[in-house]
Amino acid sequence: MLYSEKVMEHFRNPRNVGQIEDADGVGEVGNAKCGDIMKMYLKIKDGIIEDVKFMTFGCGSAIATSSIATELIKGKPISEALKLTNQVVVEALGGLPAYKLHCSVLAEEAVKAAIKNYYDRNGIEYDESLYMPNDACCTTHSH
Ligand code: FES
């Protein structure tokens, strides 16, 4: 089987889809490889991600990975959300076919872009190196 049960389940029934009108941070990233786009909205209070929603014009794997990514960071401190890598997301989903790994990068990058946006809006300093593109599985994606 190509996709794990968990991938299919999140694809059919994605969690936290939508927008947050008064979001504290919004991140939008695109995948140059396929042209898909993802937008992530965060509600942050006292360093905790109280709410998160996402919208995507992306493939099924992008939907499944962002869905599980939102579950993994909801209620967590920003510091933990920053540790979310596409590998963590893929593992949580029980794996992805190799040619679909690049889709999971979109979820990781969207979360980081939204946190960066939150920092920028609030004049909070951050370590730029945390936001460097992740080349772990593909090299053609961009911001
Ligand atoms: Fe574009 Fe999966 S094919 S994100």
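**Student:** Is there a simple way to think about the pattern of salt bridges in this case?
**Tutor:** Once their charged atoms are close, side chains differing in charge can pair, the charge on each being opposite to the other. Summed over the entire model, instances satisfying the criterion amount to eight salt bridges. For Glu108, the salt bridge is made with Lys112, and the minimal N-O distance between the two is 2.9 Å. Residue Glu108 and its partner Lys112 are located together in helix α5 (residues 101–122), separated by four residues, close to a single helical turn. Each of the two residues, Glu108 as well as Lys112, counts as buried.

**Student:** Would you mind showing me how to read the nonpolar core here?
**Tutor:** In summary, soluble globular proteins display a tendency toward joint burial of nonpolar side chains. By size, the foremost hydrophobic cluster in this structure holds 34 residues, and its most contacted members are Met40, Leu42, Ile49, Ile73, Ile78 and Ile115. Looking at this core element by element, the count peaks at ten residues for α5.

**Student:** Sorry, what's going on with the packing of helix α2 (residues 60–73) against α5 here?
**Tutor:** Between two packed helices, what matters for the description is the angle formed by their axes and the separation of those axes. With their axes 8 Å apart at the nearest point, α2 and α5 run at an angle of 40° to one another. In terms of their interaxial angle, α2 and α5 are classed as oblique. Viewed along their axes, α2 and α5 form a crossing whose handedness is right-handed. The residues of α5 that touch α2, namely those facing Ser61, Ala62, Thr65, Ser66, Ala69 and Ile73, are Cys103, Ser104, Leu106, Ala107 and Val111.

What counts, and at which threshold
- Residues numbered from 1 in each chain as written.
- Predicted model: local features only at pLDDT ≥ 70, side-chain atom pairs only at ≥ 80, totals over all residues.
- Heavy atoms only, no water.
- Salt bridge = Lys/Arg side-chain N within 4 Å of Asp/Glu carboxyl O.
- Helix = DSSP H or I, 4+ residues; strand = E, 2+ residues; numbered from the N terminus.
- Buried < 20%, exposed > 50% of the residue type's maximum accessible area, 1.4 Å probe, protein only.
- Core = buried A, V, L, I, M, F, W, Y, C linked by side-chain atoms within 4.5 Å.
- Axes fitted to C-alpha atoms, helices over the stretch in contact; angles between N-to-C directions.
- Parallel < 35°, antiparallel > 145°, perpendicular 65-115°, else oblique.
- Left-handed = near helix turned anticlockwise from the far one by under 90°.
- Contact = heavy atoms within 4.5 Å.

By themselves, these observations are geometric and do not establish any function.
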